[in-house]
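Spelled out from the first residue to the last, the chains are:
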Amino acid sequence: MIQKILIVDDSPVARKMLKASIPKDKEYEIYEACNGKEGIEKFKEVSPDITFMDLTMPVLDGYKAIPELRKINPHAIVIVCSADVQPKSIAEVFSLGALTVLKKPAKTESVQNVMDQANGKLKNLREQNESKQ
Amino acid sequence: MENLKISENKMNLNNELLSEDQKDILQEIMNIAFGNATADLADVIDIYVELSVPAIELINTGELSGYIDRSLNSYTNAFIISQKFLGDFNGHGLFVFPNGAGHDLVAIIEDTVTKDLNSSPAASLEKEIIMEIGNILIGACVGKISELLNTAVIYSPPKAIIGKSTEFDSFIDSFVPLQTVIAMKTVFKFLQKDINGFIVVLTDQESIKWLKTALDKFMESYQ
Ligand SMILES: [Mg+2]
């Protein structure tokens, strides 16, 4: 189950909006980073269960940060949360291995849905690991 | 010393008109709005727009011409599509890119434009296509800002302003002198042809009071 959440977005307002949309069913540990580079550092430091990733950011954007996260952990669950919802952008982030894309401003309902989806994925991963051992 | 005084005054004025928090909210709203606008554009034209982080600036109407020049960087001549909008939220949407780049823009979308446009002579075809793209982007962007801030605006028809012409002068003159406007700017790139341009939403001074309240209200729902 999701415990640790990392939010990578350059906008403090966007981070606040997303945090407010995370379901209150349990207490999550929420970490924040304000660009892709900081996001990668935070990711290494806290190993989040899921990462919400913005695309348009200074220093290092989401398109460049996602492959780095997946290099660190090939099973990293990345949910893109962006205002850039052009079909080409969406196709691109899926090809980089994002689980799904949330269009800004994200509604509580859709955040809940993607978190359910992520929980399913985490469960599968755990079962795969257990059967290997 | 004198300069320092001026910039201090300017800073005080800026803080008074819009707090740092309100600027952050406006920046994210512009980000969402223009992102949505490019997706709307992609629905009608096969075009991909690379986005950047929006910049929010408070500028004096007297500095407007210089602001546009500064934003254009090395380009000497601007092609501007201007569209006025009215409501609680009052101002202008500007779609700006270097004059001459319109030709490249037309090349990108040649396949998707309608037949009757194709029968027009080249120069007017270019203008019509740019007007249409500008109209879509400004309308979708301003429309989304209004939606997020819980209001609605009406638009006047788009106008094309080419270069430092009399149209440009009368556009600048249409602003009440010595007023402060909020400029929300997003730089973008039409990737296929490497064309840089930008969109600016200028909020008239008379709307700033309304805008401040609307921004605070917007954020309240996320507390
Ligand atoms: Mg961003």
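The structure displayed is predicted, hence computed values, not measured ones.

Draft legend 1. Just the overall build of chain B, in detail. In terms of regular secondary structure, chain B is built from eight helices and eight strands. In chain B, which comprises 223 residues, the proportion classed as buried is 52%. Considering only contacts within chain B whose residues lie at least 6 apart along the sequence, 75% involve residues at least 24 apart.

Draft legend 2. Spotlight on the packing of aromatic side chains. All names here are of chain B. The final tally for this structure, using the stated rule, is nine aromatic pairs over all chains. Their ring planes at 35 degrees and their centres at 5.6 Å tell us that Phe34 and Phe188 sit as a pair that is tilted. Of this pair, Phe34 sits in helix α2 (residues 20–44) while Phe188 is found in strand β7 (residues 180–190), placing the two residues 154 residues apart along the sequence. Considered together, Phe34 and Phe188 belong to a single accessibility category, that of buried residues. Taken together, Phe34, Phe79, Phe95, Phe97, Phe188 and Phe190 form an aromatic cluster joined through their ring pairs. Its guanidinium or amino end placed over the ring of Phe198, Lys185 lies 5.5 Å from that ring's centre, counting from NZ or CZ.

Draft legend 3. Just the pairing of strand β3 (residues 50–53) of chain A, in detail. All names here are of chain A. Both faces of β3 are covered, namely the face carrying Ile50 and Phe52 and the face carrying Thr51 and Met53. Across four bridges, the pairing between strand β1 (residues 4–8) and β3 is parallel. Each residue of the ladder has a partner; that of Leu6, found in β3, is Thr51. Bridge count between β3 and strand β4 (residues 78–82): three bridges; the pairing is parallel. Looking at the pairing, Thr51 lines up with Val78 of β4. In the classification by handedness, the crossover that spans β3, the intervening helix α3 (residues 62–72) and the parallel β4 is right-handed.

Draft legend 4. Spatial organisation of the packing of helix α3 (residues 64–72) of chain B against helix α7 (residues 166–173) of chain B. All names here are of chain B. Here α3 crosses α7 at 125 degrees, and the two axes come no closer than 10 Å. As judged from the angle between their axes, α3 and α7 are oblique. Residues Leu64, Ser65 and Ile68 of α3 form the contact with α7, whose own contacting residues are Phe168, Phe171 and Ile172. Looking at side-chain class alone, the contact of α3 with α7 contains five nonpolar, one polar and no charged residues.

Draft legend 5. Molecular detail of the pattern of salt bridges. Residues and elements named next belong to chain A. Enumeration over the complete set of coordinates arrives at eleven salt bridges over all chains. The shortest N-O distance in the salt bridge between Lys37 and Glu41 comes to 4.0 Å. With a gap of four residues between them, Lys37 and Glu41 both fall in helix α2 (residues 36–46), about one helical turn apart. You can call Lys37 partly exposed: its relative accessible area is 49%. Looking at Glu41, the relative accessible area reads 45%, which means it is partly exposed.

Draft legend 6. Spotlight on the coordination of the magnesium ion. All names here are of chain A. For the magnesium ion, the full set of protein donor atoms is Asp10 (OD), Asp54 (OD) and Thr56 (O), and the range of their distances to it is 2.1 to 2.2 Å. One chain supplies every donor to the magnesium ion, and in sequence these donors are spaced D-x43-D-x1-T. Residue Asp10 is found in the loop between β1 and α1 (12–21), and its partner Asp54 is found in the loop between β3 and α3; the two are separated by 44 residues along the sequence. Of the two residues examined, Asp10 and Asp54, each falls in the buried class.

Draft legend 7. Examining the interface of chain B and chain A more closely. On the chain A side, the residues contacting the 21 residues of chain B number 23 residues. Taken together, the two surfaces of chain B and chain A that pack against each other cover about 1900 Å², and 64% of this comes from carbon and sulfur. Contact with chain A buries surface across chain B, with Glu28, Tyr48 and Tyr222 of chain B losing the most and accounting together for 32% of the total. The interface formed by chain B and chain A contains one salt bridge. When the shortest N-O distance is used, the salt bridge between Glu28 of chain B and Lys104 of chain A registers 2.9 Å. Our enumeration of links across chain B and chain A arrives at six residue pairs in polar contact (both at pLDDT 80 or more). The element contributing the most residues to the side of chain B that touches chain A is α2 of chain B, with ten residues. Its residues assigned to classes, the side of chain B that touches chain A comprises 13 nonpolar, six polar and two charged.

Draft legend 8. Inspection of the environment of Ser82 of chain A at higher detail. All names here are of chain A. Assignment of secondary structure puts Ser82 in strand β4. Given the relative accessible area of 1%, Ser82 is considered buried. Between the alpha carbons of Ser82 and Gly62 there is a distance of 9.3 Å; along the sequence they are 20 residues apart. Apart from the residues lying within four places of it in its own chain, the contact partners of Ser82 are Asp54, Leu55, Leu102, Lys103 and Lys104.

Draft legend 9. How the structure looks around the confidence of the model for chain B. All names here are of chain B. For chain B, per-residue confidence averages 85 on the pLDDT scale, and 85% of positions sit at 70 or higher. Note that residues 1–12 has pLDDT below 50 and, in this model, one contact with residues that lie over four places away or in other chains. Quick note on the complex model: pTM equals 0.89, ipTM equals 0.91.

Draft legend 10. Geometry of the side chain of Ser11 of chain A. Residues and elements named next belong to chain A. Among the structural elements, Ser11 can be located in the loop between β1 and α1. Classification of Ser11 as buried rests on a relative accessible area of 2%. Separated by 3.0 Å, the side chain of Ser11 and the backbone nitrogen of Ala14 make a polar contact.

About the thresholds
Residues numbered from 1 in each chain as written. Chains lettered and ligands numbered in written order. Predicted model: local features only at pLDDT ≥ 70, side-chain atom pairs only at ≥ 80, totals over all residues. Heavy atoms only, no water. Helix = DSSP H or I, 4+ residues; strand = E, 2+ residues; numbered from the N terminus. Buried < 20%, exposed > 50% of the residue type's maximum accessible area, 1.4 Å probe, protein only. Contact = heavy atoms within 4.5 Å. Phe/Tyr/Trp six-rings, centres within 6.5 Å; stacked < 30°, edge-to-face > 60°. Lys NZ or Arg CZ within 6 Å of the ring centre and 35° of its normal. Pairing = 2+ DSSP bridges. Right-handed = clockwise from strand over helix to strand, strands pointing away. Axes fitted to C-alpha atoms, helices over the stretch in contact; angles between N-to-C directions. Parallel < 35°, antiparallel > 145°, perpendicular 65-115°, else oblique. Nonpolar A, V, L, I, M, F, W, Y, C, P; charged D, E, K, R; others polar. Salt bridge = Lys/Arg side-chain N within 4 Å of Asp/Glu carboxyl O. Donors = N, O, S within 2.8 Å, 3.2 Å for Na, K, Ca; no water. Buried area = accessible area lost by both parts, 1.4 Å probe. Polar contact = N/O pair within 3.5 Å; in protein donor to acceptor, adjacent residues only side chain to side chain. pLDDT = per-residue confidence, 0-100.

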